[in-house]
Amino acid sequence: MTGLQADRPHPARIYDYWLGGKDNFPPDRQAAEHAISASADIPAAARENRAFLRRSVELVASSGVRQFVDVGAGLPSPGNVHQVAQAVDPQARVVYVDNDPIVLTHGRALLAENRSTTVLTGDVRKLDELFESPELAALVDLDQPVAVLLLAVLHFVTDEEAHEAVRRVYERVAPGSYLLLSHSTHEGNPERAAEVARTWEKTASGIRLRTRAQVAEFFEGWDLLEPGVEFVPLWRPEESTEASTRWMYAGVARKA
């Protein structure tokens, strides 16, 4: 597994730990536990982000979209995009993208029998390479509507890189396509945010916590669905949000 870098934490494996997964290493677990020590509700925020994935993918699939590209997908866990989308239509096609080699290895092993789903190595900072790749074209027709997921990934890149990524998505996808996005923030927990952010200091990316207004800027040019940019658990909730976290914003938008 070239490039695994098991000696330093990686966002996909930290997230895996918070979700109760086993595909992580001591540096990942140490970083994850640091965040928990600063704010015990961090694993709950990770689970809420997975719940947002399910709600938003169900919404988009129910609208007729049958192609999904999940950039920064992370390690496989219950309720992944293909499970949600293919529950609506078994023929839905899904491409997972991540820059951690362990995601490629585990994902391809789990999906070996699923011809409508694949896992590719890629980076949110290099979306042109992804959109031009023959591996993507084998499953996704960019001349037809597609849903692109950027969940908990843009906070790992600079402002310029994040806006460039969203621009690339908008330019490449057909009308009727959707952007599904979630992003970490300090606004819901101003006293604890700085210490939690230190979790990412030893990763290759670091983290950038952005405001609601900054997250809303990513949707410029798109038609933002109600309720707009909202804390993840408050985006079209299906159950009580009284005890929910305020660590991430989310939004879903359509290209007219």
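So, here is what we can say about the structure in this document.

So, how was this worked out
- Residues numbered from 1 in each chain as written.
- Predicted model: local features only at pLDDT ≥ 70, side-chain atom pairs only at ≥ 80, totals over all residues.
- Heavy atoms only, no water.
- Helix = DSSP H or I, 4+ residues; strand = E, 2+ residues; numbered from the N terminus.
- Contact = heavy atoms within 4.5 Å.
- Areas by Shrake-Rupley, 256 points an atom, 1.4 Å probe, with all protein chains shown as cover.
- Lys, Arg positive; Asp, Glu negative; His and termini not counted.
- Charge placed at Lys NZ, Arg CZ, Asp CG, Glu CD.
- Buried < 20%, exposed > 50% of the residue type's maximum accessible area, 1.4 Å probe, protein only.
- Pairing = 2+ DSSP bridges.
- Right-handed = clockwise from strand over helix to strand, strands pointing away.
- Core = buried A, V, L, I, M, F, W, Y, C linked by side-chain atoms within 4.5 Å.
- 1 Å grid on protein atoms, 1.4 Å probe; cavity = no way out; pocket = protein on both sides within 12 Å on 5 of 7 lines; lining within 4 Å.
- Points joined across faces, edges and corners; volume = space filled by probe spheres on them.
- Salt bridge = Lys/Arg side-chain N within 4 Å of Asp/Glu carboxyl O.

Some thoughts on the overall build of the chain
Thought 1: The number of helices and strands found in the chain is 10 helices and eight strands.
Thought 2: In terms of overall dimensions, the chain has a C-alpha envelope of 45 × 40 × 35 Å along the principal axes.
Thought 3: A separation of at least 24 residues holds for 74% of the contacts in the chain among residues at least 6 apart in sequence.
Thought 4: For the chain, the exposed area adds up to about 11,500 Å²; of that, 49% sits on carbon and sulfur atoms.
Thought 5: The average position of the 27 basic charges and that of the 37 acidic charges among the side chains of the chain differ by 2 Å.

A word on the pairing of strand S1 (residues 67-71)
Thought 1: Of all five residues in S1, five are buried, a share of seventy percent or more.
Thought 2: Burial of the side chains of S1 extends over both faces: Gln67, Val69 and Val71 are buried on one face and Phe68 and Asp70 on the other.
Thought 3: Relative to strand S2 (residues 93-98), S1 is paired through five bridges, and the arrangement is parallel. Residue pairing in the sheet places Asp70 in a bridge with Tyr96 of S2.
Thought 4: Taking the sense of rotation as the criterion, the β-α-β connection linking S1, helix H4 (residues 81-88) and S2 turns out right-handed.
Thought 5: With three bridges joining them, S1 and strand S4 (residues 147-151) adopt parallel strand pairing.

Looking at the nonpolar core
Thought 1: In this structure, Trp18, Val57, Phe68 and Leu180 are the most contacted members of the largest nonpolar core, which totals 47 residues.
Thought 2: The element contributing the most residues to this core is helix H3 (residues 42-62), with eight residues.
Thought 3: In this structure, Leu180 is in contact with Ser56, Val57, Val60, Ala147, Val148, Leu149, Leu150, Leu151, Gly251 and Val252, ignoring residues within four places of it in sequence.

Examining the environment of His186
Thought 1: Within the element layout of this structure, His186 appears in the loop between strand S5 (178-184) and helix H9 (193-197).
Thought 2: Once the C-alpha coordinates of His186 and Ala216 are considered, the two residues, 30 residues apart in sequence, prove to be 15 Å apart.
Thought 3: Ignoring anything within four residues of it in the chain, the contact list for His186 reads Ala193, Leu209, Arg210 and Thr211.

Regarding the layout of surface pockets
Thought 1: In this model, the largest pocket occupies a volume close to 870 Å³.
Thought 2: Lining the largest pocket are 50 residues, with Pro11, Ala12, Ala152, Phe156 and Trp200 positioned closest to its centre.
Thought 3: Sorting the residues of the lining of the largest pocket by element identifies helix H1 (11-18), H3, S1, S2 and H9 as the ones contributing at least two each.
Thought 4: Considering each element in turn, the lining of the largest pocket owes the most residues, six residues, to H3.

Re empty space enclosed by the protein
Thought 1: A complete count under the given rule lists one cavity of 30 Å³ or more for this structure.
Thought 2: Every residue lining the largest cavity is listed: Ala12, Tyr15, Asp16, Leu19, Arg50, Ala73, Gly74, Leu75, Pro76 and Ser77.
Thought 3: The leading source of residues in the lining of the largest cavity is H1, at three residues.

Observations concerning the side chain of Thr211
Thought 1: Among the secondary structure elements, Thr211 is positioned in the loop between H9 and helix H10 (212-217).
Thought 2: Relative accessible area serves as the criterion here: at 19%, Thr211 is assigned to the buried category.
Thought 3: Every residue in contact with Thr211, bar those within four places of it in the chain, is listed here: Thr185, His186, Glu187 and Tyr249.

Let's talk about the pairing of strand S3 (residues 117-121)
Thought 1: Note that S2 and S3 share five bridges and pair parallel. Bridge pairing in S3 links Val95 to Thr118.
Thought 2: In this fold, the crossover linking S2 to S3 by way of helix H5 (residues 101-110) has right-handed handedness.

Description of H5
Thought 1: The set of residues buried in H5 consists of Pro101, Ile102, Val103 and Gly107.
Thought 2: Structurally, H5 contributes buried residues whose contacts are with H1, S2 and S3.

Points about the pattern of salt bridges
Thought 1: Tallied over the full model, the rule gives 17 salt bridges.
Thought 2: One salt bridge connects Arg172 with Glu132, and the closest N-O pair in it is separated by 2.6 Å. Residue Arg172 is found in helix H8 (residues 159-172), and its partner Glu132 is found in the loop between helix H6 (127-131) and helix H7 (134-137); the two are separated by 40 residues along the sequence.
Thought 3: One salt bridge in this structure joins Glu230 and Arg212, with 3.7 Å as the shortest N-O distance. Taken as a pair, Glu230 in strand S7 (residues 230-231) and Arg212 in helix H10 lie far apart in primary sequence, 18 residues in all.
Thought 4: A relative accessible area of 17% places Glu230 in the buried class.
Thought 5: The network of salt bridges with common partners includes Asp128, Glu132, Glu164, Arg167, Arg168, Glu171 and Arg172.

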